[in-house]
Amino acid sequence: MKYMLLIVSDPSAWAKLDDATQGAVGQEYGTFTQTIVDSKEFVTGDPLQGPETATTVSVKNGKRLTTDGPFAETKEALGGYYVVDVADLDRTIELAAEIPGAARGLSRIEVRPIMELPG
C-alpha cells in the first residue's frame, strides 16, 4: 500500500541550528532515503523550498487569483515529503518516526494513505 509522509516543520527551528548540525541532519536524510531505496519501499520524495516561495492559486467566479506565499498563516510549513510503498500502516509509522526531522524533534510527520483510483 502506498502512503505519503508529509514533513511539517517550523522553519525557524531549522534556522536556529548551527551549520554543523544542519549538515549532519542533511546527511541523516541522505542515509534514511538510501535505506528506503535499498529496501524497495521508496517511491518518490523531495524537500520543498521555503513557504516564502509559494504561490497560492484559487478560482472565484471563474477568475484565477494568485497570491504570493502560502495560503495559511502558520508557524509550520510543509518542508518535504516521501511516498512509500509498504506492507501496512504500522510499517509506515515506523518509517515516519525514522525520518531525521521527526527523530530529532524538529518535524512532525503526517501519514496519509494514497487513494488508489480504478483503471
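Below, the structure is looked at part by part. (Residues numbered from 1 in each chain as written. Predicted model: local features only at pLDDT ≥ 70, side-chain atom pairs only at ≥ 80, totals over all residues. Heavy atoms only, no water.)

To continue, consider the overall build of the protein. Tallying secondary structure elements over the protein gives 4 helices and 6 strands in all. Ordered by position from the N terminus, the helices and strands of the protein form the series β-α-α-β-β-β-β-α-α-β. With the C-alpha coordinates of the protein rotated into their principal frame, the extents come out at 50 × 50 × 20 Å. Relative to its full complement of 119 residues, the protein shows a buried share of 24%. Long-range pairs, those at least 24 residues apart, make up 75% of the contacts in the protein with a sequence separation of at least 6. Within the structure as shown, the protein displays about 8,200 Å² of accessible surface, and the carbon and sulfur contribution to it stands at 55%. (Helix = DSSP H or I, 4+ residues; strand = E, 2+ residues; numbered from the N terminus. Buried < 20%, exposed > 50% of the residue type's maximum accessible area, 1.4 Å probe, protein only. Contact = heavy atoms within 4.5 Å. Areas by Shrake-Rupley, 256 points an atom, 1.4 Å probe, with all protein chains shown as cover.)

With that out of the way, let us pick up the environment of Asp 68. Tracing the backbone through its elements, the reader meets Asp 68 in strand 4 (residues 63-68). Separated by 24 residues in the primary sequence, Asp 68 and Thr 44 place their C-alpha atoms 27 Å from one another. When sequence neighbours within four positions are dropped, the list of residues in contact with Asp 68 reads Ala 54 and Thr 55.

It is worth spelling out the layout of surface pockets at this point. One simple way to see leftover space: roll a probe sized like a water molecule over the atoms. Volume-wise, the largest pocket comes out at about 580 Å³. Within the residue set of the lining of the largest pocket, elements represented by two or more residues are strand 1 (2-9), helix 1 (11-15), helix 2 (19-38), strand 2 (42-47) and strand 5 (77-85). Residue contributions to the lining of the largest pocket peak at 6 residues, all from strand 5. In terms of residue class, the lining of the largest pocket is built from 16 nonpolar, 11 polar and 3 charged. (1 Å grid on protein atoms, 1.4 Å probe; cavity = no way out; pocket = protein on both sides within 12 Å on 5 of 7 lines; lining within 4 Å. Points joined across faces, edges and corners; volume = space filled by probe spheres on them. Nonpolar A, V, L, I, M, F, W, Y, C, P; charged D, E, K, R; others polar.)

According to the stated counting rule, one finds 5 salt bridges in the structure shown. The partner of Glu 76 in a salt bridge is Arg 108, and the shortest N-O contact between them spans 3.1 Å. Residue Glu 76 is located in the loop between strand 4 and strand 5, and its partner Arg 108 is located in strand 6 (residues 107-113); the two are separated by 32 residues in the primary sequence. Close ionic contact of Arg 112 with Glu 110 constitutes a salt bridge, the shortest N to O distance being 3.7 Å. Overall, the relative accessible area of 46% leaves Arg 112 in the partly exposed class. Each of Glu 41, Arg 91 and Glu 94 takes part in salt bridges that share partners, so that together they form one network. (Salt bridge = Lys/Arg side-chain N within 4 Å of Asp/Glu carboxyl O.)

Despite not being glycine, Lys 40 has its phi angle at roughly 65°, a positive value. Its location among the elements puts Lys 40 in the loop between helix 2 and strand 2. Judged by its relative accessible area of 70%, Lys 40 is exposed. Of note, the phi angle at Asn 61 is positive, near 50°, even though the residue is not glycine.

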